[in-house]
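# Close look at the chain arrangement
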Amino acid sequence: MTTHALSQRLEFIRRSLPETPVLQLADDRIDLFAKLEYGNPNGSAKDRSAFWILKRALERGEITEDTTIVESSSGNFAISLASFCRSLDLAFVPVIDPNVNAATEAYLRALCDRVEKVTERDASGGFLSTRLARVAQLRIELDSAYWPNQYANTDAIEAHYRLTGGELCRAFRRIDYLFVGVSTGGTIGGLSKRLKETWPRTRVIAVDAEGSAIFGGPPATRRIPGLGSSITPPLFEHALIDEVIMVPERETVLGCHQLLRQHGVYAGGSTGTVYTAINGYFDGYTGPRPTVVFLCADRGTGYADTIYNPLWAADPELLVGQ
């Protein structure tokens, strides 16, 4: 496939990216809205950054028809890249770890000719450093490899600034609070910049998982993928954050179940974490009703065997540190 043909196919992908819907949730204290990013073609907010990173890399000549894409991912970013690379007829090698949901791993193995799965924990007790080390090895082994580097690639920030952030600015007259679950920093980096340009008084609340080292805490073992990191990704240098809320994984599970039972929203782990943070933040609040927005980053389908499985959710390991 020629570079021109790659560009044409990428344009087809761009046309398939919808403006994801906004759903208002009943709340006695605040005007609460969920932006349903699981309405993207591959079911998560990572479609935005995956598409934009591939787009910019192709425009710069960093990707050709002979390129193999190699990336470390806990799930959704790998799913997005796998789908887009298949559409572009590009080889993609995801580097995953044992925390990846079974459904996600099965999907990647069905779509990708090669999947690398690391099993050795790093010094933090997680797998990120091990995954990144394997990515570095693959970049040497393969003849022509491109690493999107979702942890430091500012194209991810631009994706959410232009796409997700642009949609939010068109959908609302104002946003008083934006709650964002954090991992690589691309989403909160792009959204915080766009919203504060539009409404300087918007408060951006970063929501992270206990055991994550992003904001300086000691890294610890985490069992739910999609949120947190054992490092502080470079993209956080660009994020405009007013407050940080840390949520234990046990409360992530409770938040997911509350969203489902109270609002009929079947969402993934990061969304349950953010919903828990919102409820705690406005606990006892009686002032004027602010407009509060958060992202439903993905669906709960990939968490059916974990968060939504009563036996897994009752595991005492989720009580560690609580």
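Residues numbered from 1 in each chain as written. Predicted model: local features only at pLDDT ≥ 70, side-chain atom pairs only at ≥ 80, totals over all residues. Heavy atoms only, no water.

## Looking at the packing of aromatic side chains
One pair of aromatic rings is described through two measures. These are the centre distance and the angle between the planes. Summed over all chains, the structure comprises 11 aromatic pairs. Aromatic side chains tyrosine 177 and tyrosine 281 sit 5.7 Å apart centroid to centroid with 65 degrees between the ring planes, which places their arrangement in the edge-to-face category. Separated by 104 residues along the polypeptide, tyrosine 177 in strand S7 (residues 177-181) and tyrosine 281 in helix H9 (residues 269-281) bring together distant segments of the chain. According to the relative accessible area criterion, tyrosine 177 is buried, its value standing at 18%. Considering the side-chain rings of tyrosine 275 and phenylalanine 294, the 6.4 Å spacing of their centres and the 40 degrees angle between planes classify their relative orientation as tilted. (Phe/Tyr/Trp six-rings, centres within 6.5 Å; stacked < 30°, edge-to-face > 60°. Helix = DSSP H or I, 4+ residues; strand = E, 2+ residues; numbered from the N terminus. Buried < 20%, exposed > 50% of the residue type's maximum accessible area, 1.4 Å probe, protein only.)

## Considering the packing of helix H1 (residues 3-16) against helix H2 (residues 46-59)
Where H1 meets H2, the axes come as close as 11 Å, and the angle between the chain directions of the two elements is 155 degrees. Here H1 lies roughly antiparallel to H2, going by the angle between them. The two elements H1 and H2 cross, and the hand of that crossing is left-handed. Contacts from Thr3, Leu6, Ser7, Leu10, Ile13 and Arg14 in H1 reach Phe51, Leu54, Lys55 and Leu58 in H2. When its residues are assigned to classes, the contact of H1 with H2 shows six nonpolar, two polar and two charged. (Axes fitted to C-alpha atoms, helices over the stretch in contact; angles between N-to-C directions. Parallel < 35°, antiparallel > 145°, perpendicular 65-115°, else oblique. Left-handed = near helix turned anticlockwise from the far one by under 90°. Contact = heavy atoms within 4.5 Å. Nonpolar A, V, L, I, M, F, W, Y, C, P; charged D, E, K, R; others polar.)

## What about the domain arrangement of the chain?
Under the domain assignment used here, the chain contains domain 1 (1-40 + 153-315) and domain 2 (47-146). One C-alpha centre belongs to domain 1, the other to domain 2; they are set 22 Å apart. In this assembly, 40 residues from domain 1 lie in contact with 30 residues from domain 2. Together domain 1 and domain 2 conceal approximately 2,900 Å² of surface at their shared face, both sides included; 61% is due to carbon and sulfur atoms. Three residues stand out in domain 1 for area buried against domain 2, namely Leu6, Leu10 and Asp155, and they jointly supply 20% of the buried area on that side. Here domain 1 is connected to domain 2 by four salt bridges. The shortest N-O distance in the salt bridge between aspartate 155 and arginine 60 comes to 2.7 Å. If you look at where domain 1 meets domain 2, you find 11 residue pairs in polar contact (both at pLDDT 80 or more). When contributions to the side of domain 1 that touches domain 2 are tallied by element, the ones reaching two or more residues are H1 and helix H6 (155-171). The element that contributes the greatest number of residues to the side of domain 1 that touches domain 2 is H6, accounting for nine residues. (Domains from an automatic or database assignment. Buried area = accessible area lost by both parts, 1.4 Å probe. Salt bridge = Lys/Arg side-chain N within 4 Å of Asp/Glu carboxyl O. Polar contact = N/O pair within 3.5 Å; in protein donor to acceptor, adjacent residues only side chain to side chain.)

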